[in-house]
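Okay, here's what each chain looks like letter by letter:
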Amino acid sequence: IPDFGHKYYLQFSTEDYRTGENAGSCLATVLYPRKKSPPVVSIKCSHTKDQNEIQEEDNRLYQRIRQQSKPITGSNIPDSHGNIEPALEPAWALAVAGSSSIMWEKSTEDLGYFLAQVKSVKQWMRKDDFIEFDYTVLLHEMPTQEMISCHMRLTWLPGHPLKVKHFCASQSHGLEEGSGLGSGSAAGLSEERGANF
Amino acid sequence: HQVLRVVPTSHEELQRLQELQGLEHLELDFWLAPHDLGSPVDIRVPFPSLQPIKAHLEASGVSYSIMIEDVQELLDEEQREMIRSSRRLPLSTNTFNYEAYHTLDEIYAFMDMLVAENPNLVSKLEIGRSTENRPLYVLKFSTGGSKRPAVWIDTGIHSREWVTQASGVWFAKKIVEDHANNEGVASILDTMDIFLEIVTNPDGFAYTHSTNRLWRKTRSKHSGSICVGVDPNRNWDAGFGGSGASGNPCMETYRGPYPNSEPEVKSIVDFVKAHGNIKAFVSIHSYSQLLLYPYGYTTTPAPDQQELHELSAKAVAALSSLYGTKYKYGSIITTIYKASGGTIDWTYNQGIKYSFTFELRDTGRYGFLLPAKQIVPTAEETWLALKVIMEHARDNMY
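Residues numbered from 1 in each chain as written. Chains lettered and ligands numbered in written order. Predicted model: local features only at pLDDT ≥ 70, side-chain atom pairs only at ≥ 80, totals over all residues. Heavy atoms only, no water.

Looking at an unreviewed UniProt entry, one finds chain B named Carboxypeptidase A1 and attributed to Onychorhynchus coronatus. Quoted verbatim from the Catalytic activity (unreviewed entry) heading of the UniProt record, the comment on chain B is "Release of a C-terminal amino acid, but little or no action with -Asp, -Glu, -Arg, -Lys or -Pro." Regarding chain B, the UniProt comment filed under Subcellular location (unreviewed entry) reads as follows: "Secreted". (UniProt positions renumbered as here; feature names shortened; annotations may be inferred.)

An unreviewed UniProt entry lists chain A under the name OCX32 protein, from Onychorhynchus coronatus.

The two faces of a sheet get side chains in turn, since along a regular strand they alternate between them. Residue and element names in this part refer to chain A. Where strand β1 (residues 5-15) and strand β2 (residues 22-33) come together, eleven bridges link them in antiparallel fashion. Looking across to β2, one finds that Gly5 is bridged to Pro33. What sits between the antiparallel neighbours β1 and β2 is a turn of six residues, in which Gly20 has the positive phi angle 80 degrees. (Pairing = 2+ DSSP bridges. Helix = DSSP H or I, 4+ residues; strand = E, 2+ residues; numbered from the N terminus.)

Moving on: the packing of aromatic side chains. Evaluation of the coordinates by the stated rule reveals 23 aromatic pairs over all chains. Taken together, a centroid distance of 6.1 Å and an interplanar angle of 80 degrees make the contact between A:Tyr62 and A:Trp156 edge-to-face. Taken as a pair, A:Tyr62 in helix α1 (residues 51-66) and A:Trp156 in strand β7 (residues 147-156) lie far apart in primary sequence, 94 residues in all. In terms of burial, A:Tyr62 and A:Trp156 fall into one category: buried. Ring centres of B:Tyr287 and B:Phe368 lie 4.9 Å apart, and the angle between their planes is 70 degrees; this geometry places the pair in the edge-to-face category. On the criterion of sequence distance, the pair formed by B:Tyr287 in the loop between β9 (278-286) and β10 (290-293) and B:Phe368 in the loop between β12 (354-360) and α12 (375-395) is long-range, its members being 81 residues apart. Taken individually, B:Tyr287 and B:Phe368 each receive the classification buried, so the pair is uniform in this respect. Here the aromatic residues B:Trp152, B:Phe195, B:Phe271 and B:Phe281 are joined through ring pairs into a cluster of three or more. Directly above the aromatic system of B:Tyr207 lies the positively charged group of B:Arg219, at a separation of 3.6 Å from the ring centroid. Over the aromatic face of B:Phe240 sits the side chain of B:Arg255, whose NZ or CZ is 5.9 Å from the ring centroid. (Phe/Tyr/Trp six-rings, centres within 6.5 Å; stacked < 30°, edge-to-face > 60°. Buried < 20%, exposed > 50% of the residue type's maximum accessible area, 1.4 Å probe, protein only. Lys NZ or Arg CZ within 6 Å of the ring centre and 35° of its normal.)

A few words on the interface of chain A and chain B. With 27 residues of chain A at the contact, the number on the chain B side is 30 residues. Carbon and sulfur atoms supply 54% of the area that chain A and chain B bury against each other, a total of about 2,300 Å² over both sides. At the surface where chain A touches chain B, the tally comes to zero salt bridges. For the pair chain A and chain B, the number of links is nine residue pairs in polar contact (both at pLDDT 80 or more). Breaking the side of chain A that touches chain B down by element, the ones donating at least two residues are β5 (112-124) and β6 (131-142) of chain A. For the side of chain A that touches chain B, the element with the most residues is β5(A), which contributes four residues. When its residues are assigned to classes, the side of chain A that touches chain B shows twelve nonpolar, ten polar and five charged. (Contact = heavy atoms within 4.5 Å. Buried area = accessible area lost by both parts, 1.4 Å probe. Salt bridge = Lys/Arg side-chain N within 4 Å of Asp/Glu carboxyl O. Polar contact = N/O pair within 3.5 Å; in protein donor to acceptor, adjacent residues only side chain to side chain. Nonpolar A, V, L, I, M, F, W, Y, C, P; charged D, E, K, R; others polar.)

Bringing the packing of helix α5 (residues 162-181) of chain B against α12(B) into the picture now. Residue and element names in this part refer to chain B. Two elements in contact, α5 and α12, have axes separated by 9 Å at closest approach and are oriented at 60 degrees. With respect to their mutual orientation, α5 and α12 come out oblique. As for how α5 packs across α12, the hand of that crossing is right-handed. Where α5 abuts α12, its residues Val163, Ala166, Ser167, Trp170, Phe171, Lys174, Ile175 and Asp178 lie against Ile375, Val376, Thr378, Ala379, Glu380, Thr382, Trp383 and Leu386. Across the contact of α5 with α12, the residue classes tally to ten nonpolar, three polar and three charged. (Axes fitted to C-alpha atoms, helices over the stretch in contact; angles between N-to-C directions. Parallel < 35°, antiparallel > 145°, perpendicular 65-115°, else oblique. Left-handed = near helix turned anticlockwise from the far one by under 90°.)

What follows concerns the state of the cysteines. As used here, a disulfide is simply a covalent bond connecting the sulfur atoms of two cysteines. Residue and element names in this part refer to chain B. Taken as a whole, this structure holds three disulfides over all chains when the rule is applied. Here Cys227 connects covalently by a disulfide to Cys250, the sulfurs 2.0 Å from one another. Taking the sign of the S-S torsion, 90 degrees for the link of Cys227 and Cys250, the bridge is right-handed. Taken together, the residues span a long stretch of sequence, with Cys227 in the loop between α7 (202-210) and α8 (263-275) and Cys250 in the loop between α7 and α8 at a distance of 23 residues. Here the bonded cysteines of chain A are numbered in sequence order, and their pairing is 1-2, 3-4. (Disulfide = S-S within 2.5 Å.)

Turning our attention to the UniProt feature "domain: Peptidase M14" (unreviewed entry) in chain B. Here, UniProt's "domain: Peptidase M14" (unreviewed entry) annotation points to residues 100-393 of chain B. Here residues 100-393 of chain B runs as 38% helix and 17% strand, with 32 Å between its end C-alpha atoms.

Of note, the amide linkage connecting B:Ser286 to B:Tyr287 takes the cis form, showing an omega dihedral of 0 degrees. The omega torsion of the bond from B:Pro294 to B:Tyr295 falls at 10 degrees, within 30 degrees of zero and hence cis. Residue placement: B:Tyr295 occurs in the loop between β10 and α9 (305-323). Here the phi dihedral of A:Gln145 falls at roughly 70 degrees; this positive angle occurs in a residue that is not glycine.

A few words now on the UniProt feature "active site" (unreviewed entry) in chain B. Residue and element names in this part refer to chain B. As annotated in UniProt, the feature "active site" (unreviewed entry) corresponds to Glu359 in the numbering used here. Note on placement: Glu359 falls in strand β12. When residues no more than four places from it in sequence are discounted, the contact partners of Glu359 are His285, Ser286, Tyr287, Ser288, Gln289, Leu290, Leu292, Tyr327 and Ile336.

This part covers the side chain of B:Ser92. Residue and element names in this part refer to chain B. With respect to the helices and strands, the residue Ser92 is situated in the loop between α3 (71-87) and α4 (104-117). Assessed through its relative accessible area of 18%, Ser92 is described here as buried. Setting aside residues no more than four positions away along its own chain, Ser92 makes contact with Met113 and Glu117.

In structure tokens form, the structure reads like this:
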């Protein structure tokens, strides 16, 4: 759009992250203004699952996590060989959902992300019914190929949107592993109201 | 420590056993706890408690058997077995585990085995040394002739892309098998040689095993920076210095101080130039499921664009035919992003018309950490595409 920016029209299908089953299709428009402000998005999706099914699955996931007697902790998920321990699958699934919120916020017309690995996860036990996890995740940035390390705090209760707070290390790259030692980024924790991603 | 087994046959016996559970000072470890009649109860008894427990059971008329005479001995034996099995290298390429990821040493050992088993077909060439002085090995598959037109395949140039080195190992074995069975690429080997560099970036690969699984670049050091490594797919002399690579040594797409600064790259450049008769060049990466041809450094279409595009379509169709894996294809710059100093842009400009790059499975769900069980399916489907390219090169000599 001359003097304004680029508008994209998208039609895409979605699939269940775990099973690969078709999960519906979406129509969207994404408008990137010339000036670096967040894009304007309008989207409409059809779902193959109905609300009840989704609620049931959410509850099952929730129960699976609540039933653990000890706080869930783990590192390197998947491991070097691509394996995910079954006991850590629920924590990984929530990391995928939470990371998508970080990616939603960070991506631009030129930069996209994938979740490369969950470096660490630690569950915080709460007195109320909410589940809370602390994560370090590695996001694979394209096309730069960089690995961005992000700290993510996630809270959830079925029926409520996922609440994600995150802080990503800025590109210090003084040391390998992207440890991002306090390289002067003033970005504080930004709260992200998770809409139903 | 011993493990005793008691099978309670009366409620009294059951009760006695349950009482034992409460006697903490005995430090009994119930491997199978008492719960009903007829169900075995297994108890690990530490040495100091052995006498008292046995005396107690005998005095109560409870019969028991000694399941494990010496727990420590069992543990020691297990330890020895574990050490033995980890050192147990496969004795031949037939017992090699293609469904697992391997270390550099294991892959280098595999190469030697393959050559030893097929001395008339396979030879191992050392084309140079890496920054950390590791040998750079290329397997040559040839049925004879002298400087026959050849196909080059490399895997593992980016070390974190583990499914590629693993596929390279599988390809090597596949070539040998096809030749033995006179099928598949056997006909290609009648008139062409195949060169296969499985671990194109051994320093990076070793680093992904020892320190950082997601390391991409080489391991070269550069004065003026504490950062290590150059992106070997930005270090070639094609559009070098342009956008599509970084001049910052700390970045993953750092192009290096000058073209071919990396021995891993220079050794291939020297090899290709010296050989002079390579007709197809395929460099394999992961992930994204793409088949790409030049150019990456410019939007100017390659002169052979149409033929390369059609050939890509055929190759991708063959790939998908096996497991339905979906691939996209096109030139690097239109399909993925602008990238300067890339391998196949250089090889194409050298006159190697059939220059391709693959990006193997998957599309981001596991990314670089592709589960090992996908190695063989990935290699199998990719091989079908490679055969299409090799056959086309053979049938369209230039």
